[in-house]
Amino acid sequence: MMETLLAILSTASVTALVTWASTKGKTKAETAKIVAETYGKIVDDLRSQMKFQGEQLNQQTIQITKMQERELEHMKMINRHDKEKKELIAKHHKEITELNDKHHKEKTKLITAHQIAETELKAEIQKLKNDLGSRMDEIENKLQ
């Protein structure tokens, strides 16, 4: 009976060992297939993400280009306004200088005219004083 038991156990062990060996290869193959499919999905997902990010980068590049174009237009406007401002300042400075020169000439003419009138008035006053002095002398002589 022991021999029968040993024979059964030996046969069961061999059968278990063969079953284990054959299923081990199948399990490895199934695992490898699952791993390959998983990595395939991961690669596909990464490709999709890279494509999406590439599209986003393209859109951002387009936006940046448009913003650079607008910035260039704005810089041109600023430069044009700066030029116009400088021209206006130069024009107004010239006009102010011309007005100051005109005012200075008019002021000089007025001062000269005033000085001439003052000199004439002083001469007139001196003449009147002299005439008055002469009349006073005449009156004093008549009174004596």
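The model shown is predicted, which means the values in this text are computed figures rather than measured ones.

Q: Provide a residue-level description of the overall build of the chain, including the pertinent values.
A: Check the secondary structure of the chain and you find 1 helix and 0 strands. Taking all 144 residues of the chain together, the buried fraction comes to 0%. Accessible area of the chain: about 13900 Å², with a carbon and sulfur share of 62%.

Q: Tell me about the pattern of salt bridges, and please be specific about residues and values.
A: On inspection of all chains with the given rule, the structure shows 2 salt bridges. A salt bridge links Asp-44 to Arg-47; its shortest N-O distance comes to 3.7 Å. Of this pair, Asp-44 and Arg-47 both sit in helix H1 (residues 2-143), 3 residues apart, which is roughly one turn of that helix. The exposure class of Asp-44 is partly exposed, given its relative accessible area of 43%. Judged by its relative accessible area of 56%, Arg-47 is exposed. For Glu-118, the salt bridge goes to Lys-122, with nearest N and O atoms at 3.7 Å. Taken as a pair, Glu-118 and Lys-122 lie in helix H1 at a separation of 4 residues, close to a single helical turn. Accessibility expressed as a relative area gives 35% for Glu-118, which makes it partly exposed. Accessibility expressed as a relative area gives 53% for Lys-122, which makes it exposed.

Analysis parameters
Residues numbered from 1 in each chain as written. Predicted model: local features only at pLDDT ≥ 70, side-chain atom pairs only at ≥ 80, totals over all residues. Heavy atoms only, no water. Helix = DSSP H or I, 4+ residues; strand = E, 2+ residues; numbered from the N terminus. Buried < 20%, exposed > 50% of the residue type's maximum accessible area, 1.4 Å probe, protein only. Areas by Shrake-Rupley, 256 points an atom, 1.4 Å probe, with all protein chains shown as cover. Salt bridge = Lys/Arg side-chain N within 4 Å of Asp/Glu carboxyl O.

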